Amino acid sequence: MKKKAARDTTEDGAQEICKGLDLEEGATIPLLQRVQSRLGYISPEALREIAEAMGLSESEVYGIATFYSEFKLSKPGRHLIKICMGTSCYLGGGKKLLEHMSRELGIKPGRTTEDEKFSLETVACLGCCSKSPVMAVDGVIYGGLSPSSAESILAHLESEP
Amino acid sequence: MHLRIDDQEIDVPPGTTIKEAAKLAGIKIPGLCDHPELERYGGCRLCLVEVEGIRGYPSSCTMPVSEGMKVRTNTPALKSLRLNILEMLLSEHPCICLICERSGMCDEVREGMRKVPQTMGCRYCPKDGRCELQEAVTQIGLKKVELCRIGTEKEIIRSPFFDRDPNLCILCGRCVRACADRGVSAISFVFRGFDTVIGTAFEKPLEDVGCRFCGACVDVCPTGALVERANKWSGVAKRVVETICPYCSSNCQIGIEVKDDKILRTRPKGSKLCVRGRFGLEFVSNQRLTRPMILKGEGLVEAGWQEAMELVAERLGGYKGRRFAMLLSGVLTNEALRTAKKFSERVMNSRAVAEDTSSDFSLTEIIQGPLLAVGDLAETNPATELAIRHSKPVVISPFRTMLAKKASVWLRCRPGEEPQVLEAIAKASVQENTDALGDTVISAEEILKAAKLLGKASVVVGPDCNRAVRKAAENLVRVIGGKLCVVGRNCNSRGVAVLGLDQGYEETMQSLMSGEIAAAYIVGSNPARSDPELIESLSNLEFLVVQDLFLTETAKLADVILPAASFAEIEGTYTSSDGRMLQLMPALSAISKSDMQIISELCHKMKGRLPDDPASSRPEGTKTWTGKGQQSEDITSSGSFILVEGPCLFEFGSGTRTSRVRDLQYLNKDRYVDIHPRDAARHKISNGEPVSIQSRGRSIRGLARVSMSVPEGVMRICGRASRIASAEVRRDV
Amino acid sequence: MSPEEVIEEVKTSGLRGRGGAGFPTGLKWEFCRRSPGLEKYLICNADEGDPGAFMDRSILEGDPHAVIEGMLIAARAIGCTRGFIYCRAEYPLALKRLQLAIDQAEELGLLGDHVLGSDMSFDITIKEGAGAFVCGEETALMASIEGKRGMPRARPPFPANSGLWGKPTNINNVETLANLSSIINNGGSWYSAWGIGRSRGTKTLSLAGAVRRTGLIEVPLGITLREIIYGIGGGISGDKACKGILTGGPSGGCLPAAFLDLPVDYESLTEKGSIMGSGSMIVIDEDTCVVDTARFFLSFTQSESCGKCTPCRIGTRQMLASLEKITRGLGDMTDLVRLERIANVVRSGSLCGLGAGAPNPVLTTIKYFYEEYEAHILQKRCPALVCRELISYFIDELKCQGCGLCLESCPVDAISGEKGAVHVIDQSACIKCGACLEVCPEKFSAVVKGPVQCI
Ligand SMILES: Cc1cc2nc3c(=O)[nH]c(=O)nc-3n(C[C@H](O)[C@H](O)[C@H](O)COP(=O)(O)O)c2cc1C
Ligand code: SF4
Ligand code: FES
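Residues numbered from 1 in each chain as written. Chains lettered and ligands numbered in written order. Predicted model: local features only at pLDDT ≥ 70, side-chain atom pairs only at ≥ 80, totals over all residues. Heavy atoms only, no water.

Q: Go over the interface of chain C and chain A with me, naming the residues and quoting the values.
A: Between chain C and chain A, the contact holds 44 residues from the first and 33 residues from the second. At the boundary of chain C with chain A, total buried surface from both sides reaches about 3000 Å², with 55% on carbon and sulfur atoms. Looking at the side of chain C facing chain A, the largest losses of area belong to A130, R149 and F296 of chain C, adding up to 19% of the total buried there. At the junction of chain C and chain A, the tally comes to 2 salt bridges. The closest approach of N and O atoms between E438 of chain C and K96 of chain A, which form a salt bridge, is 3.9 Å. Of all elements in the fold, only β2 (82-87), β3 (123-128), α6 (138-145) and α12 (290-304) of chain C reach the threshold of two or more residues within the side of chain C that touches chain A. Sorting elements by how many residues they give to the side of chain C that touches chain A places α12 of chain C first, with 6 residues. (Contact = heavy atoms within 4.5 Å. Buried area = accessible area lost by both parts, 1.4 Å probe. Salt bridge = Lys/Arg side-chain N within 4 Å of Asp/Glu carboxyl O. Helix = DSSP H or I, 4+ residues; strand = E, 2+ residues; numbered from the N terminus.)

Here is the structure:
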């Protein structure tokens, strides 16, 4: 069941993803997760490498990557804003929050602003239902938000160079 | 197992699904995702049934039977579920005609047409009349689609040979499963839920994701989503002619669908076709020669049969004996080969030879036992490769071939080391030592493991292997007491071997190169294309007759060209590797005379004429024939790479026929050069970049394909015949 | 205790799966134990995908050892050699603490070869989910661990016979596993002392929505909804009336206030068309529109459908289209009939639990809140004033003091008015975000939300 992967690989920053990892059957998703956490998304080159390492076809790996909403197949913005659309947050004003942020940034959820600064996403539940509505910016969770308090968080990031 | 389905009692073997059992009982349960040759799926949900004691409605295509089961297939609840589920499918499908009450009567009144170039309604669907969705609608009895149409219009995806119209796709996943079954998985489900489509990585074209264009996906598609592009709109065939694929020695049976004396498409008949059998028969109606041609002055001019035959008979009469050579080919029928042999031996007092051979073996038998395989069978003989893949052979190959991926042990030697590895296995299986390995890159451990697996194994040697490999395999087989299976190159390789025509090919070539031969008669082969170094000798001949379908590179050197009929126009037989006679059936009316007919007419004409005086002069400047694939000594590379020209699925043999199939030609437009990632990095070559290779004074251009399928220090180009050479590589700028 | 005795004890406890389906745990183990095969796998389902539920998370973060202990007990009872915890990637803290707990257990010899010197060997690998709700479903979860697209497959074969990589596999939920050590320590009958009927023991619920006190609660099964809402939850916040309660998450149902005395147990909830599910309880008051809530739940399940089977892939989409029509005030009664028709087909025709459960919120709301659907369709009115196309904001000219706060807050400049003068909302430009209502000083309360007709 275990295949050892000894690889130092080609091309871009996707290099070395497979180095030193026990390529057990089923390692495709962990590999994708590694790439995603290093590059922020799954580049075509990285996908090719994973396919080679796992002995799968590129299309199979692409099929897997597109099934899971965690994986991005194009380059995301520098800041990732996730707005919780779990039941609690939805009922507690999450929808309004989302609409507000969407308007502020001028993008629909799932998109990235033109200056590649912000990506906006929704998430099913961040597990902070008692603090609804909740939003996560680059992994930091903010709860009990109103559109205006969320806006000030955004403004803070915006002021960065 | 005994069970009851509706009111019928039936006994079926365990493991049967309810749907299969029902079919045996004569009850047809609808269903669109299920396919007898594919893994079970259970996605469309049209085959739901009720089973006593089980909650809900299980899908009969996935549910195995159990003892005493009581199944109902047609209760009102089930009928309503099916109607509704089918209605859902159609709410995504441009389907006006399916439920139109005048369906089938609207040839003139073109209803349901839209102002977009897209299928809308069955009348405008290429699968009209052969569509399983149409069948399901009739069977389930859907009359009305109340649900609103949902989904967005998607663009048609065009590929070589076939088109995919995602708007007609019902996501049954048959194509995905068929592709996985072939070990290719060029396509996959991508995205999720309602957005799911069937596609490729980053929407790349199929040819860039490893598609081998076998057409298995098209064959299993129940709707018009996947259709062949050739004759897309020509409708249903008038008749189907069952015959044999004229390419490799796998001898797949094919059904040629014919309409108006034209091949509409070919379908597999109980075999798993590759691209050549499925889509590669277009050559029979492309650039064919219809009349004989004679060299007059500087050029070839058309002539009548009478004149051409007279000329051939007269001129050949002057070269009886050793100055004459007859070159045949494994693409010819037994009948043609036999007549040619007779002609050569009895009339010309000379020998006929063909560069092809095959040993006598039965594929179905050898796959029962242990197997060792050498050569890239997936490129040369795809159907044979598919058959032996499942028995997990030991594979000797420098390349990660389709077969190597499925190997139980993959002995990844360096190019040219194959004979040594075979020898080492032979030694290891008697003496348990691995001295014979020498300095190959294979470990002793691997050899011992392989040797252990290979008691009495059959050794399969692909047609791309050279003589040294064949000999080493022969020796191994003697030692382990197995069976030698030399796989033939062409559809009638075995016929060539049975008639003994495979004997003496090298000697004949030798005489040709040395100028001993002054006249030749070449039937169905194109040496000027496959071995350009022969061109000079061929043009030096005093008289050359070429008999072929096309004006080939060789034919252009001829004094007389005789046009022959193709496999699709004649009756005749091929011999399979296990000795069966396979019958060819004419599908089209003949464009010309058959090979057999021409040669036997010639026999009649020339009978009784006496052989001429054999004394004659040799031209100066003799060369020696080195033969193909035997330059392995060259590997002591002076260059920086070992260059291997590997066989290629899309270019069969000399490429004479495949170059006359438009989409195959398209697939061959770029010559790919496989190169290991580490080498690529060292030479700063990235995937898809053009490179040029200097090898033995030749310069070969190609596109780099960075891949671990080749070992480090080796480059492989897909091309004619199999050769090994050393090479320098550089980037093209 | 021998493995058989362990299974017997768990059977006595009456413990049922806390992951949703409520299958008796002891029985499930027995199937897997009896299934032939040397290698067997145990999976802890920590995918907790129900939006609005976080009991598994709190166990994983608060007491990961309880889960590992439970897995060891299960592994011993079934004869598993290898364990996996499939945990959502959205729970980074839980993942960290789980890994820490596993490392500690390994150090103590509780995991690894020869656990505590016995002949049992067991190790645990954490597998991170990648964002697909359907992967909580057993067969999809296994596909995901195998590294494939997480698409469910038809059963049989059942995981107990052919699961992960074709080996017999047992899957249990986090909470189920966390209950085990106290059951084994105190005995099965100790545990079964709680509960009613065939639902024994306690269940953790996540109480949220319009109650005063929200959070996780552990209650004995059989407690009534009223005790939960008015006892533990402290009643409805803002002293509004309780309209109903959503149990079981997006595959669950919406029960009206009339059922407040219903005991919370697997059978009673199912009988009313809802489910226990993972134990999410969301209380709603008059300000919640049930049609919109059904639409919300459905949009969740619809977007999480894996796309394999027709009823779920297309059916939920069709249902969503109908519901959207209705919440926009564009529906007619045939839409409602069609909605119900498709809902029933999706429920009976789908391949897995996701599709089968998706229509529940719709069907229960149609059943218990029919008049609310009628109001949306016939009167184009949203009684809870939630559905945006059916409401409007306007400024009461008698109350407006012209402070201008609303004018500033409006993102689309739909409000006009001079400082000190009455402000007016241009209804054609208004996007009904409600910003003006929020900023209008309470002492004025000039912005009013009402049905469209009241303009
Ligand atoms: C769509 C769907 C999602 C599910 N999600 C979860 C989940 O997040 N966590 C969980 O424990 N069970 C989930 N389940 C239930 C599991 O399939 C399974 O019944 C459970 O893990 C079995 O464990 P138990 O017997 O301990 O409850 C889900 C089921 C379905 C159909
Ligand atoms: S019910 Fe939905 S999630 Fe389940 S198999 Fe069908 S499409 Fe997939
Ligand atoms: S044929 Fe059984 S589900 Fe499609």
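Q: I'd like a rundown of the packing of helix α1 (residues 28-39) of chain A against helix α3 (residues 58-67) of chain A, residues and numbers included.
A: Residue and element names in this part refer to chain A. Where α1 meets α3, the axes come as close as 11 Å, and the angle between the chain directions of the two elements is 70°. Comparing their axes, α3 and α1 come out roughly perpendicular. Of α3, the residues touching α1 (which contributes T28, I29 and L32) are V61, I64 and A65. By residue class, the composition of the contact of α1 with α3 is 5 nonpolar, 1 polar and no charged. (Axes fitted to C-alpha atoms, helices over the stretch in contact; angles between N-to-C directions. Parallel < 35°, antiparallel > 145°, perpendicular 65-115°, else oblique. Nonpolar A, V, L, I, M, F, W, Y, C, P; charged D, E, K, R; others polar.)

Q: Can you explain the site of ligand 1? Please cite residues and give values.
A: All names here are of chain C. Around ligand 1, a shell composed of 18 residues is seen, among which G19, K28, N45, N173 and T176 lie nearest. A distance of 2.8 Å separates an oxygen atom of ligand 1 from a polar side-chain atom of K28. Within the backbone of E138, one N or O atom sits 3.4 Å away from an oxygen atom of ligand 1. For ligand 1, the protein covers 89% of the area, taking 610 Å² as the surface of the free molecule. Contributions of two or more residues to the shell around ligand 1 are made by β4 (169-173) and α15 (353-357). Take the shell around ligand 1: its biggest share by element is 3 residues, from β4. Considering only residue class, the shell around ligand 1 consists of 3 nonpolar, 9 polar and 6 charged. (Near = heavy atom within 4 Å. Polar contact = N/O pair within 3.5 Å; in protein donor to acceptor, adjacent residues only side chain to side chain. Areas by Shrake-Rupley, 256 points an atom, 1.4 Å probe, with all protein chains shown as cover.)

Q: Please give an account of the sheet that holds strand β4 (residues 69-72) of chain B that cites residues and values.
A: Residue and element names in this part refer to chain B. Strand order in the open sheet formed by 4 strands is β2-β1-β4-β3, and the pairing between neighbours is mixed. The sheet is open, and its two borders are formed by β2 (8-11) and β3 (50-51), each paired with just one other strand. Note: strand β1 (residues 2-5) against β4, 3 bridges, orientation parallel. Bridge assignment links R4 to a residue of β4, and that residue is K70. (Pairing = 2+ DSSP bridges.)

Q: Quick rundown of the pattern of salt bridges? Include the residues and the values.
A: One pass over the full model with this rule turns up 69 salt bridges over all chains. Residue R72 of chain B is joined to D7 of chain B by a salt bridge in which the shortest nitrogen-to-oxygen separation is 3.9 Å. Here the residue R72 of chain B occupies a position in strand β4, and D7 of chain B occupies one in the loop between β1 and β2, the gap between them amounting to 65 residues. Put simply, R155 of chain C and E137 of chain C hold a salt bridge, and the shortest N to O gap is 3.3 Å. Here R155 of chain C is found in the loop between α6 and β4, whereas its partner E137 of chain C is found in the loop between β3 and α6, with 18 residues between them in sequence. For R155 of chain C, a relative accessible area of 36% gives the class partly exposed. Residue classification places E137 of chain C among the buried residues on the basis of a relative accessible area of 13%. Among the charged side chains, a salt-bridge network with shared partners connects E87, K144 and E146 of chain B together with K325, D335, R338 and R341 of chain C. (Buried < 20%, exposed > 50% of the residue type's maximum accessible area, 1.4 Å probe, protein only.)

Q: Just give me the short version of the pairing of strand β27 (residues 641-646) of chain B, but keep the residues and values in it.
A: As a general feature of sheets, a regular strand has side chains that alternate between the two faces. All names here are of chain B. Counting buried residues in β27 gives 6 out of 6 residues, a clear majority hidden from the surface. Covered by surrounding structure in β27 are F641, L643 and E645 together with I642, V644 and G646, the residues of both alternating faces. The sheet contact formed by β27 and strand β31 (residues 714-718) spans 5 bridges and is parallel. When the bridges of β31 are listed, E645 appears paired with I717.

Q: Run through the interface of chain A and chain B, naming residues and quoting values.
A: Facing the 21 residues of chain A at the interface are 24 residues of chain B. The junction of chain A with chain B conceals about 1800 Å² of combined surface from both sides, 52% of it contributed by carbon and sulfur atoms. The three residues of chain A that bury the most area against chain B are E52, S59 and Y62 of chain A, which together make up 30% of that side's buried surface. Summed over the shared surface of chain A and chain B, the number is 2 salt bridges. One salt bridge connects E58 of chain A with K204 of chain B, and the closest N-O pair in it is separated by 2.5 Å.

Q: How would you summarise the environment of S362 of chain B if you had to cite specific residues and measurements?
A: Residue placement: S362 of chain B occurs in the loop between β16 (352-354) and α10 (363-366). Sequence separation between S362 of chain B and R580 of chain B is 218 residues; the distance between their C-alpha atoms is 9.9 Å.

Q: Now, about the side chain of T401 of chain B: what can you tell me, with residues and values included?
A: With respect to the secondary-structure elements, T401 of chain B resides in the loop between β18 (394-396) and α13 (402-405). At a separation of 3.0 Å, a polar atom in the side chain of T401 of chain B contacts the main-chain amide nitrogen of A404 of chain B.

Q: Residues and numbers for empty space enclosed by the protein, please.
A: Residue and element names in this part refer to chain B. Enumeration according to the criterion identifies 11 cavities of 30 Å³ or more in this entry. Forming the walls of the second largest cavity are 15 residues, and the residues nearest its centre are R182, R212, C214, P382 and L386. No other element matches helix α12 (residues 382-389), which puts 5 residues into the lining of the second largest cavity. Across the lining of the second largest cavity, the residue classes tally to 10 nonpolar, no polar and 5 charged. Summarising the domain contributions, the lining of the second largest cavity has at least three residues from each of domain 2 (111-236) and domain 4 (363-487). (1 Å grid on protein atoms, 1.4 Å probe; cavity = no way out; pocket = protein on both sides within 12 Å on 5 of 7 lines; lining within 4 Å. Points joined across faces, edges and corners; volume = space filled by probe spheres on them. Domains from an automatic or database assignment.)

Q: If you had to explain helix α17 (residues 370-378) of chain C to someone new, which residues and values would you point to?
A: Those residues of α17 of chain C lying buried are E372, Y373, A375, H376 and I377 of chain C. Taken together, the buried residues of α17 of chain C touch β9 (242-247), α12, α13 (310-327), α14 (333-349) and α16 (360-368) of chain C.

Q: If you had to explain a negative patch on the surface to someone new, which residues and values would you point to?
A: Together, E104, E114, D115, E116 and E158 of chain A give the surface a local cluster of negative charge. Here E158 of chain A shows up in helix α5 (residues 147-158). (Patch = residues over 30% accessible without salt bridge, like charges linked within 9 Å, V, L, I, M, F, W, Y side chains within 5 Å. Lys, Arg positive; Asp, Glu negative; His and termini not counted. Charge placed at Lys NZ, Arg CZ, Asp CG, Glu CD.)

Q: Give me the lowdown on the site of ligand 2, citing residues and values where you can.
A: What surrounds ligand 2 is a group of 13 residues, the closest being C306, C309, C312, C352 and G355 of chain C. A per-class count over the shell around ligand 2 returns 8 nonpolar, 4 polar and 1 charged.

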